[in-house]
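Single-letter residue listing:
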Amino acid sequence: MARAATTSDVFNAIAEPQRRDILALLRAGERPVSDLAEELGMSQPGASKHLRVLREVGLVRVRGAGKQRLYGLDARGLRPVHEWTGGFERFWNESFDRLDAYVQDLKQERQER
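Per an unreviewed UniProt entry, the recorded name for the protein is ArsR family transcriptional regulator, and the organism is Nocardia tenerifensis.

Structure follows, in structure tokens:
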């Protein structure tokens with residue numbers, strides 16, 4: 001089965017590390033593309049391409065502010081990712097519970113020595 005294009009699927013869009021970096025920077029608030037490009041050490045056209053993909057999948061919004069275009073995070077687009085990863089929560093909780101029980105057993109053994 002062919003994968004969806006990155007411009008239509010949030011999972012593929014965030015598979016790119018630089019796009020995840022952009023999302024992480026936008027958590028702090030809106031920023032112009034020039035700031036994002038500088039912070040990530042990439043060209044402005046490269047950052048713009050990543051922002052276009054993120055906008056198309058609904059993770060980033062843009063608004064005009066005078067001569068600038070400010071990009072902001074729209075975390076609602078991450079809902080499918082959140083729901084999918086949430087399915088693994090039980091697995092991780094059980095794993096941590098087992099690890100905690102193991103650590104408690106080790107502490108008990110040390111105290112008994």
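Don't stop here, the text continues.
(A) The arrangement of the domain arrangement of the protein in detail. Per the domain assignment, the segments of the protein are domain 1 (10–77) and domain 2 (78–112). Contacts between the two partners involve seven residues from domain 1 and, on the opposite side, five residues from domain 2. The contact between domain 1 and domain 2 buries some 500 Å² in all, and 78% of this surface belongs to carbon and sulfur atoms. When the buried area of domain 1 at its contact with domain 2 is split by residue, Phe11, Ile14 and Gly77 rank highest and sum to 57% of it. The interface formed by domain 1 and domain 2 holds zero salt bridges in total. Remark: the boundary between domain 1 and domain 2 carries four residue pairs in polar contact (both at pLDDT 80 or more). Of the residues in the side of domain 1 that touches domain 2, the class split is five nonpolar, one polar and one charged.

(B) Seen up close, the pairing of strand E2 (residues 60–65). In terms of strand pairing, E2 meets strand E3 (residues 68–73) through six bridges, oriented antiparallel. Pairing of Gly64 across the sheet is with Arg69, part of E3. Taking the residues between adjacent antiparallel strands as the criterion, E2 and E3 are bridged by two residues, where Gly66 takes a positive phi near 70°.

Conventions used here
Residues numbered from 1 in each chain as written. Predicted model: local features only at pLDDT ≥ 70, side-chain atom pairs only at ≥ 80, totals over all residues. Heavy atoms only, no water. Domains from an automatic or database assignment. Contact = heavy atoms within 4.5 Å. Buried area = accessible area lost by both parts, 1.4 Å probe. Salt bridge = Lys/Arg side-chain N within 4 Å of Asp/Glu carboxyl O. Polar contact = N/O pair within 3.5 Å; in protein donor to acceptor, adjacent residues only side chain to side chain. Nonpolar A, V, L, I, M, F, W, Y, C, P; charged D, E, K, R; others polar. Pairing = 2+ DSSP bridges. Helix = DSSP H or I, 4+ residues; strand = E, 2+ residues; numbered from the N terminus.

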